[in-house]
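Structure assessment
Spelled out from the first residue to the last, the chains are:
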Amino acid sequence: MADEDYVYDEASGEWRPASELAAEAAVVVRDSAGNALADGDSVVLIKDLKLRGSSQVLKQGTVIRSIRLTDNPEEIDCRHDSIKGLVLRCEFVRKR
């Protein structure tokens, strides 16, 4: 028998291997086309986006480089030349 840690899963009411629960916890972030995104990827905007709190508009086709994934699988953190600390929803980007 393998010497593995077990964790009590309150949702199912069972003791399950910790490695099994960790695999389920890994969330895959997907773009508008269904492609998996990872830290450091480049993405392209699929529509014009008006930025809140600013008069700037990011045009369709704008390339955003070096994205970072957040805790929320529907959002990515990124930078643009003129905007720092930009957070975009994954439904508005496509992997380049």
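Summary of the structure given here.

The rules behind these values
- Residues numbered from 1 in each chain as written.
- Predicted model: local features only at pLDDT ≥ 70, side-chain atom pairs only at ≥ 80, totals over all residues.
- Heavy atoms only, no water.
- Helix = DSSP H or I, 4+ residues; strand = E, 2+ residues; numbered from the N terminus.
- Rg over C-alpha atoms; globule rule 2.2 N^0.38 Å.
- Buried < 20%, exposed > 50% of the residue type's maximum accessible area, 1.4 Å probe, protein only.
- Contact = heavy atoms within 4.5 Å.
- Pairing = 2+ DSSP bridges.
- Core = buried A, V, L, I, M, F, W, Y, C linked by side-chain atoms within 4.5 Å.

A count of helices and strands for the protein chain gives 1 helix and 12 strands. Along the protein chain, helices (α) and strands (β) appear in the sequence β-β-α-β-β-β-β-β-β-β-β-β-β when read from the amino end. The C-alpha atoms of the protein chain give 18 Å as radius of gyration, which overshoots the globular expectation for 96 residues (12 Å, by more than 25%). Dimensions of the protein chain, computed from the C-alpha atoms along their principal axes, are close to 60 × 25 × 20 Å. The 96 residues of the protein chain split such that 26% are buried. For the protein chain, the proportion of contacts with a sequence separation of at least 24, taken over those separated by at least 6, is 41%.

On to the environment of P73, then. In this structure, P73 sits in the loop between strand 9 (68-69) and strand 10 (75-78). Classification of P73 by relative accessible area gives partly exposed; the value is 35%. Sequence spacing of P73 and C90 is 17 residues, and the spatial spacing of their C-alpha atoms is 8.1 Å. With near-sequence residues (within four places) excluded, P73 lies in contact with V27, V29 and C90.

As a further point, take the sheet that holds strand 11 (residues 86-89). The strands that make up a sheet are held in pairs by hydrogen bonds between backbone atoms, and each pair lies either parallel or antiparallel. Strand order in the open sheet formed by 3 strands is 9-10-11, and the pairing between neighbours is antiparallel. The open sheet has two edge strands, strand 9 and strand 11, and neither has a second partner. Bridging between strand 10 and strand 11 involves 4 bridges; their strand directions are antiparallel. When the sheet's bridge partners are listed, D77 is paired in strand 11 with V87.

This next bit is on the nonpolar core. In this structure, L37, V43, I67, I76, L86 and L88 are the most contacted members of the largest nonpolar core, which totals 16 residues. Those elements that provide at least two residues to this core are strand 5 (43-45), strand 10 and strand 11. Residues contacting L37, with those up to four places away along its chain left out, are V29, R30, D31, V43, I67, L69, I76, C90 and K95.

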